[in-house]
Amino acid sequence: MTELKHIYRNAANIIRAKYSTLNGVDKVLRSLEKRLPKEPMDPRVHRNLFFEPRIDSQQLSVPLETAETVAVQLQKFGLLRLWVRVTCPNREEGESGTVLETDTPSDFELLASRSCDHCGSHHDFEWRNTETFYAVNSGGDESDQAFKYERLKSKIQRVVANGRPEQSFDLVRCETVLNEANGHTALATTDRVIALALHTNHAVLDIPPAISAWWNAWMGPLLMIGAYSVLIIPVVRFCGQWIGVLFSIVVLVALFLVIRGQVNATLAPTVIQRTALCSGLSLATFCVAAGSTGFHINAEAGQNSPWWSKVAFGEVSEPLLYSGLSVYALTLIFVFFFDFQRGWFARNGIRSMTQASQGEGATL
């Protein structure tokens, strides 16, 4: 189980960096790491392995949204599993009436197809008689170890009731785990929604370090910027200046699409970073394109001439060319500095956790 702690720290670094704006993320992650067992354990016997965001968020004094977001992400990584507890609606006052507590969809589906073990009747599932929560995945199942970076792109909706009755909170949680719109699962029966949510449980994935996830997101944009900087002069010289302008426009559009699909979706950069990327890369591409083609506005063009006649080309402008490359570099340095501050360059969770613990000790 030592490998589980190593994988958990990699996952914690990714979550800590991606959701750095959420209050109390590090506190929730440190609390869960303390619950990691040294050997396979059954949460039904060792109750400390259970994690209920609504309860734990109060005990940790962190927002419910933070605890729920961390739980959903860890469940996608396989480090937590979604559990369901079913109680009999015909139980006597003071009785627990629990008829099932499982993270296995087959067990739940079997219960839905037979009579209740507590009262002998067949029940239609209702949210007031079912409860969902999470537990540390300590089963030792290593059948599914492959990790795909697409898992980092998933959009997790906020797990809040939004004015719904309290009993529907578990429905919102299941919908969030399924990563579907509310309207799709709201039409399904309660047992169907829970069964689908339980089917999302899987073994612990081999989570890469945070810096590996960062590089996977930035590799495409960096290759595009580097290739554009090298090819723009040969394209202008051998294909013409208009082709050079068109080439610059295509590269800029493709760059923004890749950044939106890779960097924004995976790393979830801050508003400052997104603004710097849009303005900085646009300005840099314009400077490099204008410098390599000698693009300028011909003020001597006649007033009766069409607007495109004012567009003229000249010799390569080295100041503009070098200025564009400098803007590229400065923009990337600025954005990468923010990524460093958020923790995307972390290789393990020991340093950050030690610093946080020291900070708590100092406050005490």
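## A short note on unusual backbone geometry
Phase 1: One non-glycine residue, S61, adopts positive backbone phi at about 60°.
Phase 2: Using a relative accessible area of 61% as the deciding quantity, one classes S61 as exposed.
Phase 3: One non-glycine residue, A268, lies in the positive phi region at around 50°.
Phase 4: Within the fold, A268 resides in the loop between α10 (241–267) and α11 (271–293).

## Some points on the pairing of strand β2 (residues 80–87)
Phase 1: The buried fraction of β2 amounts to eight of the eight residues, a majority that puts the element mostly inside the structure.
Phase 2: By the alternation rule, side chains of β2 split into L80, L82, V84 and V86 and R81, W83, R85 and T87, which are all buried.
Phase 3: Taken together, the seven bridges between β2 and strand β4 (residues 130–136) define a ladder with antiparallel strand orientation. Bridge pairing links W83 to F133 in β4.
Phase 4: As defined by bridge partners, β2 adjoins strand β3 (residues 98–102) across four bridges and the pair is classed as antiparallel. Bridge pairing in β3 links V86 to L100.

## Observations regarding the nonpolar core
Phase 1: L74, L79, F108 and W218 are the most contacted members of the largest nonpolar core, which has 81 residues in total.
Phase 2: The dominant element in this core, judged by the number of residues it contributes, is helix α9 (residues 210–239), at nine residues.
Phase 3: Dropping the residues within four chain positions of it, F108 is found in contact with V84, V86, L100, T102, F125, D191, I194, A195 and L198.

## Describing the packing of aromatic side chains
Phase 1: Scanning all chains against the criterion turns up eleven aromatic pairs.
Phase 2: Ring geometry for F334 versus F338: centroids 5.1 Å apart, planes at 55°, classification tilted. With a gap of four residues between them, F334 and F338 both fall in helix α12 (residues 318–342), about one helical turn apart.
Phase 3: For F334, a relative accessible area of 36% puts it in the partly exposed group.
Phase 4: Classification of F338 as partly exposed rests on a relative accessible area of 22%.
Phase 5: Put simply, the rings of W214, W218, F336, F340 and F345 touch in pairs and so form one group of aromatic residues.

## A word on the confidence of the model for the protein
Phase 1: Residue-level pLDDT values for the protein average 83, and 80% of them are 70 or greater.
Phase 2: Per-element confidence in the protein ranges from a low mean pLDDT of 43 for helix α13 (residues 350–363) to a high of 95 for helix α2 (residues 25–33).
Phase 3: Predicted confidence for residues 163–167 stays below pLDDT 50, and this span has seven contacts to residues more than four positions away or in other chains.
Phase 4: Below pLDDT 50 for its whole length, residues 350–364 participates in eleven contacts with residues either more than four positions away or in separate chains.

Thresholds, definitions, all that
Residues numbered from 1 in each chain as written. Predicted model: local features only at pLDDT ≥ 70, side-chain atom pairs only at ≥ 80, totals over all residues. Heavy atoms only, no water. Buried < 20%, exposed > 50% of the residue type's maximum accessible area, 1.4 Å probe, protein only. Helix = DSSP H or I, 4+ residues; strand = E, 2+ residues; numbered from the N terminus. Pairing = 2+ DSSP bridges. Core = buried A, V, L, I, M, F, W, Y, C linked by side-chain atoms within 4.5 Å. Contact = heavy atoms within 4.5 Å. Phe/Tyr/Trp six-rings, centres within 6.5 Å; stacked < 30°, edge-to-face > 60°. pLDDT = per-residue confidence, 0-100.

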